[in-house]
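Examination of the molecular architecture
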Amino acid sequence: VKRKERSVKEYVEGVLNNDRTILAQAITLVESNAPKHMDIAQQVLNELLPHVGKSIRIGITGVPGAGKSTFIEAFGTFLCEQGHRVAVLAVDPSSSLTGGSILGDKTRMESLARHPRAFIRPSPSGGALGGVHRKTRETMMLCEAAGYDVILVETVGVGQSEFVVRGMVDFFLMLVLTGAGDDLQGIKRGIMELTDAVVINKADRDNKPKALAAQKEYNQILHYLRPATPGWETKAYTCSALLGEGIEEIWNVIQKFVETTKQSGVFDMRRRHQQKDWIYSMIKDYLETSFFSHPAVKEKLPVIENNVISGTQSVTSAVRELIKIYESRS
Ligand code: GDP
């Protein structure tokens, strides 16, 4: 289906009026890597710039099965009922590796998706190079301009995605299950140092005593870790996303966090740093895309790959050759 080409003005006005169809189309536009679309997208984003930045950005991570979609459904619905407008975005690490998607392929958050105050952007399918997350910040800007005041960015605990999401949100929350002891090994510890709250989900029925024990254990460990946010003590909480218990408390914690960090200046400072870091990640993304989509590089790459694999060319000389090709023809 050929997409209707809209003018910059149509996109800008549509987004500002929270026309969901146009908002969705504007997101598709910023996700596009076609130079023509990128130009329009940048004009649209520039016009919307005065209207962005006023939301609370919350990152949510957890292993598959931790209850992320159940939690977001309960939490998002609660916020909508409080009068907030909630946008849900996903950073899906699998799309860049396999072309598939962990987050996107099941029918998720059905009742939140139908809520008039919520907007759920399904996980994009991802290009050959992945890196879909690099568009998430722009998508976030569009949602803010459309008036969403709480942005939830969901990710799965795989690889780099947690660091990526931490770099674009104000508050980072990790959903875990009971069994704190095993979870605290290896990389988990590093991830814990990114989080502003550890939420032990499924604290219901027979599982409740175990969840409370895990909360204690987590709190003991968190006490010795470096806090993710200066002046904020990361603590463990329990909730049942399924029963909607503990959801309100988590929102209170987040509000307290925003109040505290805005007062200390940490909130604004983090956002300024994030903007600065964005410059560098965008340059890297741009160069990567530009390099791998270069026709001469694309043509030569399989040959050089073979040379390296068969042992007739060293990796260094292969890379230098490719870069030379790229630089001479671009
Ligand atoms: P995700 O993979 O992290 O998005 O996890 P889901 O939200 O899909 O949840 C995985 C499973 O756990 C589903 O069967 C949910 O119904 C169940 N679940 C999620 N939250 C809770 C909870 O608070 N209590 C209980 N008992 N089950 C839950």
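Residues numbered from 1 in each chain as written. Predicted model: local features only at pLDDT ≥ 70, side-chain atom pairs only at ≥ 80, totals over all residues. Heavy atoms only, no water.

Examining the packing of aromatic side chains
Inspection of the entire model under this criterion finds seven aromatic pairs. Between Phe 119 and Tyr 148, the aromatic rings sit 5.9 Å apart at their centres with planes inclined by 40°, giving tilted as the arrangement. Residue Phe 119 is located in strand β3 (residues 118-120), and its partner Tyr 148 is located in the loop between α7 (136-145) and β4 (150-155); the two are separated by 29 residues in the primary sequence. On the basis of relative accessibility, which here comes to 6%, the residue Phe 119 falls in the buried class. One aromatic cluster in this structure is built from Phe 71, Phe 75 and Trp 251. Over the ring of Tyr 148 we find Arg 85, and its NZ or CZ is 4.6 Å from the ring centre. Note that Lys 262 overlies the ring of Phe 267, its terminal NZ or CZ placed 4.8 Å from the centroid. (Phe/Tyr/Trp six-rings, centres within 6.5 Å; stacked < 30°, edge-to-face > 60°. Helix = DSSP H or I, 4+ residues; strand = E, 2+ residues; numbered from the N terminus. Buried < 20%, exposed > 50% of the residue type's maximum accessible area, 1.4 Å probe, protein only. Lys NZ or Arg CZ within 6 Å of the ring centre and 35° of its normal.)

Regarding the site of the ligand
The immediate surroundings of the ligand are formed by 17 residues, with Gly 65, Lys 68, Thr 70, Lys 202 and Asp 204 found nearest. Between Thr 70 and the ligand, the recorded distance is 2.6 Å, taken from a side-chain N or O atom to an oxygen atom. Alone, the ligand offers 580 Å² of accessible surface; in the complex the protein occludes 74% of this. In terms of residue class, the shell around the ligand is made up of five nonpolar, six polar and six charged. (Near = heavy atom within 4 Å. Polar contact = N/O pair within 3.5 Å; in protein donor to acceptor, adjacent residues only side chain to side chain. Areas by Shrake-Rupley, 256 points an atom, 1.4 Å probe, with all protein chains shown as cover. Nonpolar A, V, L, I, M, F, W, Y, C, P; charged D, E, K, R; others polar.)

Points about a nonpolar patch on the surface
Nonpolar side chains collect at one region of the surface, where Ile 279, Tyr 280, Ile 283, Tyr 286 and Leu 287 lie side by side and expose about 550 Å² of accessible area between them. Along the polypeptide, Tyr 280 turns up in helix α13 (residues 266-292). (Patch = residues over 30% accessible without salt bridge, like charges linked within 9 Å, V, L, I, M, F, W, Y side chains within 5 Å. Salt bridge = Lys/Arg side-chain N within 4 Å of Asp/Glu carboxyl O.)

Details of the environment of Asn 219
Tracing the backbone through its elements, the reader meets Asn 219 in helix α11 (residues 208-222). Separated by 17 residues in sequence, Asn 219 and Ala 236 have C-alpha atoms that sit 5.7 Å apart. Those residues in contact with Asn 219, other than ones at most four positions away along the chain, are Lys 235 and Ala 236. (Contact = heavy atoms within 4.5 Å.)

Thoughts on the sheet that holds strand β7 (residues 235-238)
In space, the seven strands of this open sheet follow the order β3-β2-β4-β1-β5-β6-β7, with parallel pairing throughout. One side of each edge strand has no neighbouring strand; the edge strands of this open sheet are β3 and β7. Here the average twist between neighbouring strands, direction ignored, is 25°. Pairing between strand β6 (residues 197-200) and β7: four bridges, direction parallel. Considered in β7, the bridge of Val 198 is made with Ala 236. (Pairing = 2+ DSSP bridges. Axes fitted to C-alpha atoms, helices over the stretch in contact; angles between N-to-C directions.)

Considering unusual backbone geometry
Note: most peptide bonds trans; most residues except glycine with negative phi. Despite not being glycine, Asn 18 has its phi angle at roughly 50°, a positive value. Tracing the backbone shows Asn 18 in the loop between α1 (8-16) and α2 (20-31). Unlike most non-glycine residues, Lys 202 shows phi in positive territory, near 65°. Along the polypeptide, Lys 202 turns up in the loop between β6 and α11. Judged by relative accessible area, Lys 202 falls into the partly exposed class, the value being 36%.

Observations regarding the nonpolar core
Soluble globular proteins tend to bury their nonpolar side chains together. Val 44, Leu 142 and Tyr 218 are the most contacted members of the largest nonpolar core, which totals 48 residues. Here this core gathers at least three residues from each of two domains, domain 1 (1-51) and domain 2 (52-264). Judged by nonpolar contacts, the second largest core, of 35 residues, contains Ile 56, Ala 74, Val 253 and Ile 254. (Core = buried A, V, L, I, M, F, W, Y, C linked by side-chain atoms within 4.5 Å. Domains from an automatic or database assignment.)

Structural notes on the pairing of β4
For β4, the tally of buried residues reaches six of six residues, placing the bulk of the element in the interior. Burial along β4 is two-sided: the face carrying Val 150, Leu 152 and Glu 154 and the face carrying Ile 151, Val 153 and Thr 155 are both buried. As paired elements, strand β2 (residues 86-91) and β4 share six bridges and run parallel to each other. Note on β4: the bridge partner recorded for Val 86 is Val 150.

A word on α2
Here α2 is 12 residues long and its end C-alpha atoms lie 16 Å apart, about the 16 Å a rise of 1.5 Å per residue gives. Among all positions of α2, only Ile 22, Leu 23, Gln 25, Ala 26, Ile 27, Leu 29 and Val 30 are buried. Next to the buried residues of α2 lie α1, α3 (35-48), β3 and α7. The backbone nitrogen of Thr 21 has a side-chain oxygen 3.0 Å away, supplied by the residue at the start of α2, namely Asp 19. (Expected span 1.5 Å × (residues − 1).)

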